[in-house]
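A look at the structure
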Amino acid sequence: MPSLPSLSSLPTIDLPELGPDFAGDPYAVYAKLRAQGPVHHVRTPDGQEIFLVVGYEACRAAFTDPRLSRDWRGAGDVRRVVNADPDDPSLAHMAMADPPDHTRLRGLVAREFTQRRIEGLAPRIQEIADTLLDRMTTDGARRAELVAHFAFPLPMTILCELLGVPELDRESFRRWGGEILSPSSKEAEIAAYTGQAAYLPRLIEEKRGNPGDDLLSALIHTVDEDGDRLSPDELIGMCSLLIIAGQETTVNLIGNGLRALFKHPDQLALLRSDLSLTEGAVEEMLRYDGPAASSLERLALTDVEMGGVRMPAGSMVRFVMADAGRDAARFADPDRFDIRRDARGHIAFGHGLHHCLGAPLARLEGAIAFRSLLERCPEIAADFDEAELEWVPGVVIRGVRRLPVRW
(Lines give C-alpha, C1' and ligand atoms only; values in the text may rest on other atoms or scores of the structure.)
Protein backbone atom coordinates (compact mmCIF):
# COMPACT_ATOMS: atom_id res chain seq x y z
CA MET A 1 0.00 0.00 0.00
CA PRO A 2 1.52 3.36 -0.99
CA SER A 3 2.37 5.66 1.90
CA LEU A 4 0.45 8.88 2.32
CA PRO A 5 2.28 12.14 1.69
CA SER A 6 3.77 13.70 4.80
CA LEU A 7 3.32 17.36 5.63
CA SER A 8 6.93 18.01 4.65
CA SER A 9 6.27 16.60 1.17
CA LEU A 10 3.07 18.56 0.60
CA PRO A 11 3.32 21.91 -1.18
CA THR A 12 1.98 24.85 0.80
CA ILE A 13 -0.32 26.71 -1.55
CA ASP A 14 -0.53 30.48 -1.24
CA LEU A 15 -4.23 31.14 -1.83
CA PRO A 16 -3.99 34.73 -3.13
CA GLU A 17 -1.42 33.61 -5.73
CA LEU A 18 -4.00 31.26 -7.29
CA GLY A 19 -6.32 34.11 -8.20
CA PRO A 20 -5.82 37.83 -8.75
CA ASP A 21 -9.00 38.69 -6.82
CA PHE A 22 -9.21 36.04 -4.12
CA ALA A 23 -11.09 38.30 -1.70
CA GLY A 24 -13.76 39.26 -4.22
CA ASP A 25 -14.06 35.90 -5.98
CA PRO A 26 -12.50 32.93 -4.17
CA TYR A 27 -14.64 30.41 -6.02
CA ALA A 28 -12.29 29.93 -8.96
CA VAL A 29 -9.42 29.34 -6.53
CA TYR A 30 -11.36 26.75 -4.56
CA ALA A 31 -12.46 25.05 -7.79
CA LYS A 32 -8.79 24.69 -8.83
CA LEU A 33 -8.03 23.07 -5.50
CA ARG A 34 -11.05 20.75 -5.70
CA ALA A 35 -9.98 19.56 -9.16
CA GLN A 36 -6.71 18.37 -7.59
CA GLY A 37 -8.22 16.71 -4.52
CA PRO A 38 -10.26 17.35 -1.38
CA VAL A 39 -7.48 18.32 1.07
CA HIS A 40 -4.75 20.96 0.71
CA HIS A 41 -2.17 22.64 2.93
CA VAL A 42 -2.50 26.37 2.30
CA ARG A 43 -1.32 29.77 3.39
CA THR A 44 -4.25 32.13 3.89
CA PRO A 45 -4.19 35.86 3.04
CA ASP A 46 -3.35 36.65 6.67
CA GLY A 47 -0.32 34.32 6.58
CA GLN A 48 -1.86 31.44 8.54
CA GLU A 49 -0.91 27.89 7.43
CA ILE A 50 -3.81 25.45 7.68
CA PHE A 51 -5.41 22.50 5.93
CA LEU A 52 -8.45 23.23 3.78
CA VAL A 53 -11.12 20.65 2.91
CA VAL A 54 -13.00 21.39 -0.32
CA GLY A 55 -15.84 19.70 -2.18
CA TYR A 56 -19.37 18.89 -1.01
CA GLU A 57 -18.98 15.29 0.14
CA ALA A 58 -15.55 15.85 1.69
CA CYS A 59 -16.84 18.82 3.71
CA ARG A 60 -19.90 16.92 4.93
CA ALA A 61 -17.68 14.04 6.01
CA ALA A 62 -15.24 16.38 7.75
CA PHE A 63 -18.04 18.10 9.68
CA THR A 64 -19.00 14.77 11.25
CA ASP A 65 -15.48 13.40 11.86
CA PRO A 66 -14.95 13.23 15.65
CA ARG A 67 -11.18 13.40 15.16
CA LEU A 68 -11.57 17.02 14.04
CA SER A 69 -12.39 18.86 17.24
CA ARG A 70 -13.72 22.26 18.27
CA ASP A 71 -12.60 21.79 21.87
CA TRP A 72 -9.59 24.10 21.63
CA ARG A 73 -9.72 24.90 25.33
CA GLY A 74 -9.60 21.27 26.45
CA ALA A 75 -7.66 19.56 23.68
CA GLY A 76 -5.42 22.27 22.25
CA ASP A 77 -4.01 25.74 22.70
CA VAL A 78 -6.90 28.16 22.40
CA ARG A 79 -4.50 31.01 21.66
CA ARG A 80 -3.89 29.46 18.25
CA VAL A 81 -7.38 30.51 17.21
CA VAL A 82 -8.35 33.49 19.39
CA ASN A 83 -6.49 36.28 21.14
CA ALA A 84 -8.09 35.56 24.50
CA ASP A 85 -7.22 33.74 27.69
CA PRO A 86 -8.20 30.04 27.78
CA ASP A 87 -10.38 30.68 30.84
CA ASP A 88 -12.18 33.67 29.28
CA PRO A 89 -15.89 32.98 29.94
CA SER A 90 -16.72 34.32 26.47
CA LEU A 91 -15.36 31.00 25.14
CA ALA A 92 -17.62 28.84 27.33
CA HIS A 93 -20.12 28.07 24.57
CA MET A 94 -21.18 25.12 22.44
CA ALA A 95 -19.22 26.23 19.36
CA MET A 96 -16.04 25.65 21.37
CA ALA A 97 -17.05 22.23 22.69
CA ASP A 98 -17.36 18.58 21.65
CA PRO A 99 -19.78 15.98 23.04
CA PRO A 100 -20.76 15.43 25.78
CA ASP A 101 -20.29 19.10 26.74
CA HIS A 102 -21.63 20.29 23.40
CA THR A 103 -24.68 18.03 23.68
CA ARG A 104 -25.49 19.39 27.14
CA LEU A 105 -25.03 23.06 26.20
CA ARG A 106 -26.96 22.83 22.95
CA GLY A 107 -29.78 20.99 24.68
CA LEU A 108 -30.17 23.70 27.32
CA VAL A 109 -30.11 26.52 24.77
CA ALA A 110 -32.44 24.72 22.34
CA ARG A 111 -35.09 24.48 25.08
CA GLU A 112 -35.58 28.25 24.76
CA PHE A 113 -34.35 29.05 21.23
CA THR A 114 -37.31 27.23 19.72
CA GLN A 115 -38.94 27.35 16.31
CA ARG A 116 -42.03 28.79 17.98
CA ARG A 117 -40.02 31.64 19.52
CA ILE A 118 -38.36 32.36 16.17
CA GLU A 119 -41.63 32.33 14.23
CA GLY A 120 -43.09 34.66 16.84
CA LEU A 121 -40.43 37.22 15.95
CA ALA A 122 -41.76 37.67 12.39
CA PRO A 123 -44.05 40.65 13.12
CA ARG A 124 -41.28 42.44 15.02
CA ILE A 125 -38.73 41.76 12.25
CA GLN A 126 -41.21 43.18 9.74
CA GLU A 127 -41.76 46.24 11.91
CA ILE A 128 -38.02 46.88 12.18
CA ALA A 129 -37.52 46.39 8.44
CA ASP A 130 -40.32 48.87 7.69
CA THR A 131 -38.88 51.44 10.10
CA LEU A 132 -35.40 51.14 8.58
CA LEU A 133 -36.79 51.50 5.07
CA ASP A 134 -38.81 54.55 6.16
CA ARG A 135 -35.60 56.17 7.35
CA MET A 136 -33.67 55.08 4.27
CA THR A 137 -36.19 56.59 1.87
CA THR A 138 -37.10 59.71 3.87
CA ASP A 139 -37.35 63.04 2.06
CA GLY A 140 -37.35 61.32 -1.29
CA ALA A 141 -33.84 59.91 -0.93
CA ARG A 142 -32.85 57.72 -3.88
CA ARG A 143 -29.48 56.47 -2.62
CA ALA A 144 -28.21 54.72 0.51
CA GLU A 145 -25.38 52.63 1.88
CA LEU A 146 -27.31 49.42 2.43
CA VAL A 147 -25.09 47.74 5.03
CA ALA A 148 -25.16 50.69 7.46
CA HIS A 149 -28.79 51.63 6.87
CA PHE A 150 -30.48 48.24 6.52
CA ALA A 151 -28.46 45.01 6.39
CA PHE A 152 -26.68 45.57 9.71
CA PRO A 153 -29.28 47.29 11.93
CA LEU A 154 -32.01 44.74 11.09
CA PRO A 155 -30.37 41.63 12.62
CA MET A 156 -28.50 43.64 15.25
CA THR A 157 -31.73 45.13 16.58
CA ILE A 158 -33.33 41.68 16.74
CA LEU A 159 -30.25 40.20 18.43
CA CYS A 160 -30.11 42.96 21.03
CA GLU A 161 -33.83 42.66 21.73
CA LEU A 162 -33.42 38.90 22.18
CA LEU A 163 -30.74 39.59 24.79
CA GLY A 164 -32.43 42.64 26.26
CA VAL A 165 -29.51 44.93 25.41
CA PRO A 166 -30.25 48.66 25.82
CA GLU A 167 -30.14 50.63 22.58
CA LEU A 168 -27.23 52.79 23.74
CA ASP A 169 -25.01 49.70 24.06
CA ARG A 170 -25.70 48.19 20.63
CA GLU A 171 -22.85 49.85 18.76
CA SER A 172 -20.45 48.14 21.16
CA PHE A 173 -22.02 44.79 20.30
CA ARG A 174 -21.42 45.41 16.62
CA ARG A 175 -17.80 46.32 17.21
CA TRP A 176 -17.11 43.30 19.42
CA GLY A 177 -18.70 40.83 17.04
CA GLY A 178 -16.87 42.18 14.01
CA GLU A 179 -13.47 42.20 15.68
CA ILE A 180 -13.85 38.68 17.09
CA LEU A 181 -14.89 37.13 13.78
CA SER A 182 -12.66 39.18 11.48
CA PRO A 183 -10.16 41.09 13.62
CA SER A 184 -8.54 44.15 12.13
CA SER A 185 -5.59 43.63 14.48
CA LYS A 186 -4.54 41.48 17.42
CA GLU A 187 -5.03 44.45 19.72
CA ALA A 188 -8.56 45.08 18.44
CA GLU A 189 -9.49 41.43 18.97
CA ILE A 190 -8.17 41.49 22.54
CA ALA A 191 -10.09 44.69 23.20
CA ALA A 192 -13.29 43.08 21.91
CA TYR A 193 -12.97 40.11 24.24
CA THR A 194 -12.10 42.44 27.13
CA GLY A 195 -15.11 44.66 26.42
CA GLN A 196 -17.45 41.68 26.29
CA ALA A 197 -16.03 40.23 29.50
CA ALA A 198 -16.69 43.49 31.34
CA TYR A 199 -20.17 44.12 29.93
CA LEU A 200 -21.94 40.76 29.79
CA PRO A 201 -21.84 39.87 33.51
CA ARG A 202 -23.55 43.18 34.30
CA LEU A 203 -26.24 42.51 31.68
CA ILE A 204 -26.83 39.00 33.02
CA GLU A 205 -27.12 40.19 36.63
CA GLU A 206 -29.60 42.84 35.54
CA LYS A 207 -31.72 40.16 33.84
CA ARG A 208 -31.39 37.82 36.80
CA GLY A 209 -32.88 40.44 39.09
CA ASN A 210 -35.35 41.90 36.61
CA PRO A 211 -36.26 39.18 34.08
CA GLY A 212 -38.16 40.08 30.95
CA ASP A 213 -39.64 38.09 28.11
CA ASP A 214 -36.31 38.07 26.24
CA LEU A 215 -34.21 35.00 25.40
CA LEU A 216 -31.46 35.85 27.89
CA SER A 217 -33.92 36.00 30.81
CA ALA A 218 -35.28 32.62 29.73
CA LEU A 219 -31.79 31.09 29.48
CA ILE A 220 -30.89 32.36 32.97
CA HIS A 221 -33.88 30.62 34.49
CA THR A 222 -34.23 27.50 32.32
CA VAL A 223 -33.62 24.18 34.05
CA ASP A 224 -33.76 20.76 32.43
CA GLU A 225 -35.49 17.70 33.84
CA ASP A 226 -32.34 16.75 35.76
CA GLY A 227 -32.01 20.17 37.37
CA ASP A 228 -29.12 21.22 35.11
CA ARG A 229 -28.78 24.84 34.03
CA LEU A 230 -26.26 27.12 32.35
CA SER A 231 -23.50 28.29 34.67
CA PRO A 232 -22.60 32.00 34.94
CA ASP A 233 -19.65 31.48 32.55
CA GLU A 234 -21.84 29.52 30.12
CA LEU A 235 -24.41 32.32 30.07
CA ILE A 236 -21.64 34.76 29.14
CA GLY A 237 -20.39 32.31 26.50
CA MET A 238 -23.85 31.94 24.97
CA CYS A 239 -24.27 35.71 24.77
CA SER A 240 -20.84 35.95 23.13
CA LEU A 241 -21.77 33.28 20.61
CA LEU A 242 -24.95 35.14 19.69
CA ILE A 243 -22.97 38.35 19.25
CA ILE A 244 -20.52 36.57 16.94
CA ALA A 245 -22.90 34.41 14.93
CA GLY A 246 -26.11 36.39 15.15
CA GLN A 247 -25.10 39.52 13.29
CA GLU A 248 -22.66 38.66 10.50
CA THR A 249 -24.75 35.79 9.15
CA THR A 250 -27.75 37.93 8.22
CA VAL A 251 -25.77 41.05 7.34
CA ASN A 252 -23.80 39.12 4.73
CA LEU A 253 -26.77 37.07 3.58
CA ILE A 254 -28.49 40.34 2.64
CA GLY A 255 -25.38 41.94 1.14
CA ASN A 256 -24.17 38.92 -0.81
CA GLY A 257 -27.68 38.04 -1.92
CA LEU A 258 -28.32 41.53 -3.26
CA ARG A 259 -24.99 41.48 -5.12
CA ALA A 260 -26.00 38.20 -6.72
CA LEU A 261 -29.29 39.73 -7.84
CA PHE A 262 -27.51 42.78 -9.26
CA LYS A 263 -25.14 40.54 -11.23
CA HIS A 264 -28.09 38.53 -12.58
CA PRO A 265 -30.72 41.11 -13.60
CA ASP A 266 -33.00 38.42 -15.02
CA GLN A 267 -33.22 36.83 -11.57
CA LEU A 268 -33.79 40.22 -9.92
CA ALA A 269 -36.64 40.88 -12.35
CA LEU A 270 -38.08 37.42 -11.70
CA LEU A 271 -38.04 37.88 -7.92
CA ARG A 272 -39.46 41.40 -8.19
CA SER A 273 -42.35 40.07 -10.27
CA ASP A 274 -43.07 37.12 -7.96
CA LEU A 275 -42.17 37.65 -4.31
CA SER A 276 -43.56 34.21 -3.47
CA LEU A 277 -40.16 32.97 -4.67
CA THR A 278 -38.36 34.74 -1.82
CA GLU A 279 -37.80 31.78 0.51
CA GLY A 280 -36.35 29.70 -2.32
CA ALA A 281 -34.27 32.67 -3.47
CA VAL A 282 -32.74 32.92 0.02
CA GLU A 283 -31.71 29.26 -0.15
CA GLU A 284 -30.07 29.85 -3.52
CA MET A 285 -28.27 32.91 -2.15
CA LEU A 286 -26.93 30.77 0.70
CA ARG A 287 -25.69 28.13 -1.74
CA TYR A 288 -24.31 30.50 -4.35
CA ASP A 289 -22.53 33.08 -2.17
CA GLY A 290 -23.26 32.41 1.48
CA PRO A 291 -22.28 34.55 4.47
CA ALA A 292 -19.57 32.17 5.72
CA ALA A 293 -16.92 30.92 3.32
CA SER A 294 -15.45 28.35 5.68
CA SER A 295 -15.99 26.73 9.03
CA LEU A 296 -14.33 27.81 12.22
CA GLU A 297 -11.00 26.11 12.92
CA ARG A 298 -10.93 22.43 13.82
CA LEU A 299 -8.10 20.71 15.67
CA ALA A 300 -6.88 17.30 14.45
CA LEU A 301 -6.82 15.21 17.62
CA THR A 302 -4.81 12.50 15.88
CA ASP A 303 -3.34 11.92 12.43
CA VAL A 304 -6.29 12.18 10.05
CA GLU A 305 -6.25 10.77 6.52
CA MET A 306 -8.61 12.30 3.99
CA GLY A 307 -8.44 12.10 0.22
CA GLY A 308 -4.99 10.55 0.26
CA VAL A 309 -3.50 13.26 2.49
CA ARG A 310 -2.39 12.84 6.07
CA MET A 311 -3.14 15.78 8.35
CA PRO A 312 -0.88 15.35 11.39
CA ALA A 313 -2.22 15.49 14.92
CA GLY A 314 -2.32 19.11 16.06
CA SER A 315 -3.10 20.46 12.58
CA MET A 316 -5.57 23.29 12.12
CA VAL A 317 -8.31 22.45 9.60
CA ARG A 318 -11.13 24.40 7.95
CA PHE A 319 -13.96 23.14 5.74
CA VAL A 320 -14.85 25.40 2.79
CA MET A 321 -18.64 25.59 2.67
CA ALA A 322 -18.37 28.16 -0.14
CA ASP A 323 -16.82 25.53 -2.39
CA ALA A 324 -19.27 22.84 -1.30
CA GLY A 325 -22.08 24.97 -2.70
CA ARG A 326 -20.32 25.23 -6.06
CA ASP A 327 -19.52 21.51 -6.45
CA ALA A 328 -20.96 20.15 -9.71
CA ALA A 329 -21.03 16.68 -8.15
CA ARG A 330 -23.90 17.93 -5.95
CA PHE A 331 -25.44 20.92 -7.76
CA ALA A 332 -25.98 20.99 -11.53
CA ASP A 333 -24.41 23.97 -13.28
CA PRO A 334 -23.29 25.28 -9.86
CA ASP A 335 -21.93 28.64 -11.04
CA ARG A 336 -25.35 29.61 -12.37
CA PHE A 337 -27.47 31.69 -9.98
CA ASP A 338 -31.08 30.49 -10.29
CA ILE A 339 -33.66 31.43 -7.66
CA ARG A 340 -35.98 28.66 -8.93
CA ARG A 341 -33.34 26.02 -8.19
CA ASP A 342 -33.95 23.50 -5.42
CA ALA A 343 -30.91 24.52 -3.37
CA ARG A 344 -31.81 22.46 -0.33
CA GLY A 345 -28.97 20.35 0.96
CA HIS A 346 -26.40 23.17 0.89
CA ILE A 347 -24.18 23.42 3.97
CA ALA A 348 -23.94 27.19 4.25
CA PHE A 349 -24.90 26.88 7.93
CA GLY A 350 -22.60 23.94 8.56
CA HIS A 351 -23.50 20.30 9.00
CA GLY A 352 -23.77 17.79 11.79
CA LEU A 353 -23.78 18.61 15.49
CA HIS A 354 -22.39 22.12 14.93
CA HIS A 355 -25.07 23.08 12.40
CA CYS A 356 -26.00 26.68 13.19
CA LEU A 357 -28.78 26.78 15.78
CA GLY A 358 -29.77 30.25 14.55
CA ALA A 359 -30.21 29.22 10.90
CA PRO A 360 -34.04 29.46 11.02
CA LEU A 361 -33.77 33.02 12.38
CA ALA A 362 -31.30 34.04 9.66
CA ARG A 363 -33.58 32.59 7.00
CA LEU A 364 -36.60 34.43 8.41
CA GLU A 365 -34.72 37.72 8.62
CA GLY A 366 -33.38 37.27 5.09
CA ALA A 367 -36.81 36.52 3.60
CA ILE A 368 -38.45 39.51 5.30
CA ALA A 369 -35.54 41.76 4.33
CA PHE A 370 -35.65 40.94 0.61
CA ARG A 371 -39.42 40.98 0.37
CA SER A 372 -39.62 44.36 2.11
CA LEU A 373 -36.73 45.85 0.17
CA LEU A 374 -38.18 44.92 -3.23
CA GLU A 375 -41.67 46.07 -2.27
CA ARG A 376 -40.44 49.47 -1.13
CA CYS A 377 -37.58 49.97 -3.61
CA PRO A 378 -38.52 47.90 -6.68
CA GLU A 379 -36.02 49.72 -8.87
CA ILE A 380 -33.09 49.12 -6.56
CA ALA A 381 -29.76 48.84 -8.39
CA ALA A 382 -26.04 48.77 -7.66
CA ASP A 383 -24.41 52.14 -7.07
CA PHE A 384 -20.87 50.79 -6.86
CA ASP A 385 -18.06 49.34 -8.93
CA GLU A 386 -17.22 45.76 -7.96
CA ALA A 387 -13.51 46.59 -7.98
CA GLU A 388 -14.08 49.24 -5.30
CA LEU A 389 -15.79 46.97 -2.76
CA GLU A 390 -13.98 46.36 0.51
CA TRP A 391 -14.24 42.75 1.65
CA VAL A 392 -14.21 41.55 5.23
CA PRO A 393 -10.70 40.07 5.73
CA GLY A 394 -9.92 36.41 6.30
CA VAL A 395 -11.25 33.13 4.93
CA VAL A 396 -14.21 32.63 7.30
CA ILE A 397 -16.57 35.56 6.74
CA ARG A 398 -17.79 36.32 3.23
CA GLY A 399 -19.13 39.85 2.97
CA VAL A 400 -18.49 43.48 2.11
CA ARG A 401 -18.07 46.44 4.43
CA ARG A 402 -20.26 48.78 2.37
CA LEU A 403 -22.85 48.33 -0.37
CA PRO A 404 -24.03 51.61 -2.00
CA VAL A 405 -27.37 51.27 -3.81
CA ARG A 406 -29.78 53.54 -5.68
CA TRP A 407 -33.42 53.26 -6.76
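A brief look at the structure comes next. (Residues numbered from 1 in each chain as written. Predicted model: local features only at pLDDT ≥ 70, side-chain atom pairs only at ≥ 80, totals over all residues. Heavy atoms only, no water.)

**Thoughts on the environment of L235**
Position of L235 relative to the elements: it lies in helix α13 (residues 232-263). If we ignore the near neighbours within four places in the chain, the residues touching L235 are I204, R208, L219, I220 and L230. (Helix = DSSP H or I, 4+ residues; strand = E, 2+ residues; numbered from the N terminus. Contact = heavy atoms within 4.5 Å.)

**Brief notes about the pattern of salt bridges**
Considering all chains together, one arrives at 30 salt bridges under this definition. Of the charged contacts, one joins R117 and E112 as a salt bridge, the two residues approaching to 3.8 Å between their closest N and O atoms. Residue classification places R117 among the partly exposed positions, given a relative accessible area of 23%. On the basis of relative accessible area, E112 is assigned to the buried category, the value being 19%. For R326, the salt bridge is made with D335, and the minimal N-O distance between the two is 2.9 Å. Note on R326: relative accessible area 9%, which makes it buried. Where salt bridges share partners, they join R259, D289, E386 and R398 into one cluster. (Salt bridge = Lys/Arg side-chain N within 4 Å of Asp/Glu carboxyl O. Buried < 20%, exposed > 50% of the residue type's maximum accessible area, 1.4 Å probe, protein only.)

**Some thoughts on the sheet that holds strand β9 (residues 316-319)**
Spatially, six strands are ordered β1-β2-β3-β9-β6-β4 in an open sheet, and the strand pairing comes out mixed. Two strands lie at the open edges of the sheet, namely β1 (12-14) and β4 (68-69), each paired on one side alone. With three bridges joining them, strand β3 (residues 49-53) and β9 adopt parallel strand pairing. Bridge pairing in β9 places V53 opposite F319. (Pairing = 2+ DSSP bridges.)

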